[in-house]
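Coordinate inspection notes
Here is what each chain is made of, one letter per residue.
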Amino acid sequence: MAAPPHHFSPLTRSFSLDGGGQTPRGNMQPFPGDQIQLPRNMIENSMFEEEPDVVDLAKEPCLHPLEPDEVEYEPRSSRLLVRGLGEHEMDDDEEDYESSAKLLGMSFMNRSSSLRNNMSVYRQSSNGSCSLPSARTMVVCTVTLVIAAALIMVIYLLPKCTFTKEGCHKKNHTIELIYPLATNGKIFPWAKVRLPSDVVPLHYDLVLQPNLTTLKFSGSVKIVVNIIHVTWKIVLHSSGLNITKATITSAGGHQEKPAEFLEYPLHDQIAVMAPEALLVGQNYTVNIAYSSNLSDTYYGFYKISYKDENSKQRWFAATQFEPVAARSAFPCFDEPAFKATFLIKIKRDEKLSTLSNMPKKATTPVTNGIVQDEFFVSLKMSTYLLAFVVADLKNISRETNGSLVSVYAIPQHLNQVEYALNTSVKLLAFYQNYFLINYPLEKLDLVAIPDFQSGAMENWGLITFRESALLFDSHTSSARDKKSITAVIAHELAHQWFGNLVTMEWWNDLWLNEGFATFMEYFAMEEIFPELHSDEDFLNLIFKAMMKDSLNSSHPVSSAVQSSEQIEEMFDALSYIKGASLLSMLKHYLTKDVFQAGIEVYLHNHKYGCAQSDDLWDSMNEITNGTLDVKKLMKTWIVQKGFPLVTVVRKGKIISVKQEKYLYLVEPENWTSDASYLWHIPLTYITSSCNFTHCTNAYLLDQKSAIIELPEEVEWIKFNVDMNGYYIVHYGEDWKTLIDLLKKNHTALSPKDRANLINNIFNLAGLGKESLEKAFDLIDYLNKESSTAPLTQALFQLSLIYNLLEKKGEQQLAARLMHRVERLLGDKIDQQSWTDDGALSQRELRSTLLAFACTHDIRNCRTTATEMFEKWVNSNGTMSLPSDVMKAIFTAGAKSNDGWDFLLKMYFSSVSEAEKSKMIEALASTEDVRKLLWLMQNSLEGEVIRTQELSHIIATVSQSLPGYLLAWDFVKENWEKLTRKFHLGSYTIQNIISWSTSQFATKAHLIEVKSFFESKSEQSSQLHSVKEAIDTIQLNIQWMERNLAMLQELL
Ligand SMILES: [Zn+2]
């Protein structure tokens, strides 16, 4: 899955909205003006004052990553299972997993995944097997545990005796406590969140009949299963389905026998109870008939309303199954390691068309006006990658290397699909060459979906996209839009190998899918589209991921997960960006060729199967052949959260380096508890003697500290060349040398190195390890800077400070900060033309600088933009505006009431997704709070503004002074609706939490945010993103306390 690209941080104004609904011209919905009622809380909130109370925030005990003592979450019922039946029950279960693993020819994920993964890191013997306790220890422990369990059970059961019918002495009491109750009141025979492994699916026949008039669907599924252990039950997933019939047929017999089925909705599970024991090694067919409504969320088999060319409302049905929603379209074994083949048949209106993962095999008439499409049997694949679309679609196609690549859209968007087709064909060829494995399907469809939560979804052979992530319009798509579309396609195509061909065994290793696809996305773009300079975008994303990873609320890239919220939460910047950044670091260390060879081995060894992180390192080790233990090195990055701060001290030829954990929000006495963190850091450096990429030096720092001796004394040394490593460097006294270098000859360092220095020094100032004065001193060289990466990073850091000052009521200081920026960059801003001329990098720089200047009303930017907006209005929107500065022009125009109304009218009539994206962001930048509220409310309702836009609208609103309290109020008041539509823990909810709280910097707001989430469900208050929001507010408070006085002096 691709997140809507480039929106990982809430702390920037310079994100671009990507996405847009589609409503044809002439269907304008007017803004009702003063009918909008402001929420009461907003007024109250605006009167918030910082309270003097000191909040003592309980800090999480810092778990030593090398001695994990985290206990994996187990639901109450499964804990009882362990207590009631003793340890042997657990062991049998483990055996089940291993047997099925053998049968499936894959190494199956163990249940207590990450805990054991973590343990195995440090308990491994040289041959990779875990050391086991002795048999005697096991016996003693088991006996002790059984006695203890028995005692606990007695104590536990005694008070309840009087409430049971059978009295206290019958054994089956434990059974009643062990298993949960099914919806019909009977005992449900399985208590765990993960499915049992005694039955595995081999093949599904799925027949579906969606009705786009009643918005319901019916279905039947026949699942061929194989029995690993004798059992009477088949437990599988089902969510929100109305099951009408279940039968079981044995492989040999032809008689379909009715089977009882039980439902346990808390775990999304059903159990089909066999009329007789199911025998080991035998295949059986489970047949289930059911019906349901097309979903009104973005998950499962869901409905989308849109207007066609004639303004007629039409329905579109599509699927989004990742991570856990296949179960709401059909009963299935909905875990990634249960791979099977699928035969899909869809009955549809003869005027519509259907698409699925595989090519269409046949279309046959069913009844009047209804036909059935049958697709070829799929390859062996995970349920979350299955997909189908039923809609009125048009496409263009091209044959390449034996596969037919097609791009589909609703008819009025067909003229915007050509760029996507050309790009996909190029990328597909690149990946086939790089991986040395051909794309295995005969076709690859890319479909633009009119309302879509994420950026795109990599379903095998049928990739679904948000329209703005696929459609390119030469008149309205900017340089940045082009990069963004290319990046999303590159990401999803990489998934056809990483994720689809080789899948992570369980969601704890989601980074194997997402980190890899993100890494390949930027790598492929650098190789095929170097003119896009996408490596600079990647750099900026890494900086933002590090902000998140530096908080105490962060988590290791590979973390134990079980519940659906925990699984959803894995789709975050750590899995995507940190994962990708670690791979990039490894690639630079191993060299390009060794890394590529390792990937080829990995894909080859695990194709059509599943893998864990260790399998990747093992493949790399096959190539390094003992010269480097990649597993040992990479473990330190995958199982430890956060990243190192490397401090460098130079004395003549001698360089001392030491590492410690980089962490915000710690009191000095807590530093010791982090002392056990240790990374194996591939340090790189360049010096004044030789500062070209070819003479980059490398040193593996695998101790707390080390000494590097240079061959000669140098004038300066710069570590982390081009920011190819995931760490921050503190130069101590040598900052002065580097600052002087930048002022005298900044091109001695690459643009990425310059951006890296800006980022590191501002971070160190935030941490209190370096003065803010020095950080401002460093960026004084910027008047000579003309590269996008360092300028973007500097503007980002300055925006963070500006936003905090503005919300703190320090308007004068904020204005003085802007004067400083103007002194530095004024000339550069003045040099920008309001056109689309020049190379892509120049165009992007122009976009960035003018958007910043107009936002902060400096250098007459708004005057020029407003003049252009007025000309555009006078032409009734027919005048063509330069796409790179279009957003700045719209934003300036939307400041007036008339301008805003006109822009809204044009928003409803535009057929360009690229244009609509810029318009909606401009509309959300108004200072009129009634308009802001109207936008948020209408986007939540989804009738006139697509709900897919909501998180971006909230992001824009929550950055501005007039909007930031309103955005938070809106989130609080609509929390239930938001989490129903977007799912708790999802990427969208993470962003909404993050954006709507990111500007808070007072203790009163800290208490407010904490108590709001505490008042919600335990799942809400336990979200990583909630903890991160709280950490961020504390960090903001701390930042202001630390730096406000200094800023007053400096500015
Ligand atoms: Zn992805």
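Residues numbered from 1 in each chain as written. Predicted model: local features only at pLDDT ≥ 70, side-chain atom pairs only at ≥ 80, totals over all residues. Heavy atoms only, no water.

Here we look at the overall build of the protein
- Along its length, the protein carries 32 helices and 29 strands.
- Residues counted as buried form 63% of the 1051 residues belonging to the protein.
- For the protein, the accessible area works out to roughly 39200 Å², and carbon and sulfur atoms hold 51% of it. (Helix = DSSP H or I, 4+ residues; strand = E, 2+ residues; numbered from the N terminus. Buried < 20%, exposed > 50% of the residue type's maximum accessible area, 1.4 Å probe, protein only. Areas by Shrake-Rupley, 256 points an atom, 1.4 Å probe, with all protein chains shown as cover.)

Comments concerning the nonpolar core
- Counting residues in each nonpolar core, the largest one holds 321 residues, and the members touching the most others are Phe330, Tyr431, Met520 and Phe719.
- The residues touching phenylalanine 719, leaving out its near neighbours within four places in the chain, are Val648, Ile655, Val657, Leu683, Thr684, Tyr685, Ile708, Val729, Tyr731 and Asn756. (Core = buried A, V, L, I, M, F, W, Y, C linked by side-chain atoms within 4.5 Å. Contact = heavy atoms within 4.5 Å.)

Overview of the coordination of the zinc ion
- Protein coordination at the zinc ion comes from Met1 (N), Met1 (O), His491 (NE2), His495 (NE2) and Glu514 (OE), with a distance range of 1.9 to 2.7 Å.
- Here the donor residues for the zinc ion map to a single chain with the spacing M-x489-H-x3-H-x18-E. Here glutamate 514 lies in helix H8 (residues 510–528) and methionine 1 lies in the segment before helix H1 (40–46), a separation of 513 residues in the sequence. In this pair, the class of methionine 1 matches that of glutamate 514, namely buried. (Donors = N, O, S within 2.8 Å, 3.2 Å for Na, K, Ca; no water.)

Looking at the packing of aromatic side chains
- Overall, the coordinates contain 54 aromatic pairs when judged by the stated rule.
- A ring pair is formed by tyrosine 434 and phenylalanine 435, whose centres lie 5.6 Å apart and whose planes are at 75°; its orientation type is edge-to-face. Comparing tyrosine 434 with phenylalanine 435, the two get one shared label, buried.
- An angle of 65° between the planes, with centres 5.2 Å apart, marks the rings of phenylalanine 519 and phenylalanine 595 as edge-to-face. Of this pair, phenylalanine 519 sits in helix H8 while phenylalanine 595 is found in helix H12 (residues 592–606), placing the two residues 76 residues apart along the sequence. With respect to burial, phenylalanine 519 and phenylalanine 595 carry one shared label: buried.
- A connected cluster of aromatic rings, assembled from ring pairs, spans Phe430, Tyr431, Tyr434, Phe435, Tyr439, Trp497, Phe498, Phe516, Phe519, Phe523, Phe595 and Tyr602.
- The cationic tip of arginine 194 hangs over the ring face of tryptophan 506; the distance from NZ or CZ to the ring centre is 3.5 Å. (Phe/Tyr/Trp six-rings, centres within 6.5 Å; stacked < 30°, edge-to-face > 60°. Lys NZ or Arg CZ within 6 Å of the ring centre and 35° of its normal.)

Side note on the pairing of strand S25 (residues 681–687)
- Within S25, seven of the seven residues are buried, which leaves the element mostly enclosed by the surrounding structure.
- Of the two faces of S25, the one carrying Ile681, Leu683, Tyr685 and Thr687 and the one carrying Pro682, Thr684 and Ile686 are both buried.
- By the bridge criterion, five bridges tie S25 to strand S26 (residues 697–701) in an arrangement that is antiparallel. Following the sheet pairing, threonine 684 is matched in S26 by alanine 698. (Pairing = 2+ DSSP bridges.)

A look at unusual backbone geometry
- Of the consecutive residues glutamate 322 and proline 323, the connecting peptide bond is found in the cis state with omega at 0°.
- Checked against the element boundaries, proline 323 lands in the loop between strand S10 (313–320) and strand S11 (341–349).
- Phi angles above zero are rare outside glycine, and asparagine 625 is one such case at about 50°.
- You can see asparagine 625 is positioned in the loop between helix H13 (613–624) and helix H14 (630–638).
- In this structure, aspartate 722 is a non-glycine residue whose phi angle is positive, near 55°.
- Here aspartate 722 shows up in the loop between strand S28 (717–719) and strand S29 (728–730).

A closer look at helix H18 (residues 788–807)
- Look at H18: 28 Å from first C-alpha to last across 20 residues, which is about the 28 Å you get at 1.5 Å a residue.
- Buried residues dominate H18, accounting for 20 of its 20 residues.
- At the C-terminal side of H18, glycine 809 shows a positive phi close to 85°. (Expected span 1.5 Å × (residues − 1).)

With respect to the pairing of strand S1 (residues 199–211)
- Note: S1 against strand S2 (residues 216–227), 12 bridges, orientation antiparallel. From the neighbouring strand, valine 200 faces S2, where its bridge partner is asparagine 226.
- The antiparallel hairpin formed by S1 and S2 contains four residues in its connecting segment, where leucine 215 sits at a positive phi of about 60°.
- Sheet analysis places S1 next to S11, joined by six bridges and oriented parallel. By the bridge assignment, aspartate 205 is partnered in S11 with leucine 343.

Some thoughts on the UniProt feature "site: Transition state stabilizer" (unreviewed entry) in the protein
- Under the UniProt annotation, the feature "site: Transition state stabilizer" (unreviewed entry) is placed at Tyr576.
- Along the chain, tyrosine 576 falls in helix H11 (residues 573–590).
- Classification of tyrosine 576 by relative accessible area gives buried; the value is 4%. (UniProt positions renumbered as here; feature names shortened; annotations may be inferred.)

A closer look at the side chain of serine 403
- Within the element layout of this structure, serine 403 appears in strand S17 (residues 403–409).
- Judged by relative accessible area, which is 2%, serine 403 ranks as buried.
- Sequence-distant contacts of serine 403, defined by excluding residues within four places in its chain, comprise Arg398, Tyr439, Leu441 and Glu442.

With respect to the side chain of histidine 555
- Structurally, histidine 555 can be placed in the loop between helix H9 (534–549) and helix H10 (564–569).
- Looking at histidine 555, the relative accessible area reads 4%, which means it is buried.
- Among the polar contacts listed, one links the side chain of histidine 555 to the side chain of aspartate 572, at a separation of 2.8 Å.
- Sequence-distant contacts of histidine 555, that is, excluding residues within four places in its chain, are made with Asp549, Met570, Asp572, Leu574, Lys641 and His1024. (Polar contact = N/O pair within 3.5 Å; in protein donor to acceptor, adjacent residues only side chain to side chain.)

Concerning the UniProt feature "binding site: Zn(2+)" (unreviewed entry) in the protein
- Per the UniProt entry, the sites bearing "binding site: Zn(2+)" (unreviewed entry) are His491, His495 and Glu514 in this numbering. Despite a sequence span of 24 residues, these residues sit close together in the fold, their greatest C-alpha distance being 8.6 Å.
- Relative to the helices and strands, histidine 491 is located in helix H7 (residues 479–495).
- Under the relative-accessibility criterion, histidine 491 is labelled buried at 2%.
- Residues in contact with histidine 491, not counting those within four places in the same chain, are Met1, Ala2, Glu514, Ala517, Thr518, Glu521 and Tyr576.
- A polar atom in the side chain of histidine 491 sits 3.1 Å from the backbone oxygen of methionine 1.

Digging into the state of the cysteines
- The full count for this structure, using the stated rule, is one disulfide.
- Each disulfide pairs two cysteine sulfurs, and for cysteine 854 the partner residue is cysteine 861, the sulfurs being separated by 2.1 Å. Sign of the S-S torsion, about -85° for the bond between cysteine 854 and cysteine 861, identifies this disulfide as left-handed. Note on accessibility: cysteine 854 and cysteine 861 belong to one class, buried. (Disulfide = S-S within 2.5 Å.)

What about the environment of leucine 202?
- Looking at the secondary structure, you find leucine 202 in strand S1.
- Taking the relative accessible area as the measure of exposure, leucine 202 reaches 32% and is therefore partly exposed.
- When the C-alpha positions of leucine 202 and phenylalanine 342 are compared, they lie 8.9 Å apart, and in sequence the two are 140 residues distant.
- Those residues in contact with leucine 202 that sit more than four places away from it in its chain are Val224, Val225, Asn226, Asn283, Ala340 and Thr341.

Some points on the sheet that holds strand S27 (residues 705–709)
- Taken in spatial order, the four strands line up as S27-S24-S23-S29 in an open sheet, and their pairing is mixed. Taken across any chain shown, the strands that pair with only one partner, and hence form the sheet edges, are S27 and S29. Averaged over all pairs of adjacent strands, the angle between their axes in this sheet comes to 25°, without regard to strand direction.
- Note that strand S23 (residues 644–651) and S29 share three bridges and pair parallel. When the bridges of S29 are listed, threonine 647 appears paired with histidine 730. (Axes fitted to C-alpha atoms, helices over the stretch in contact; angles between N-to-C directions.)

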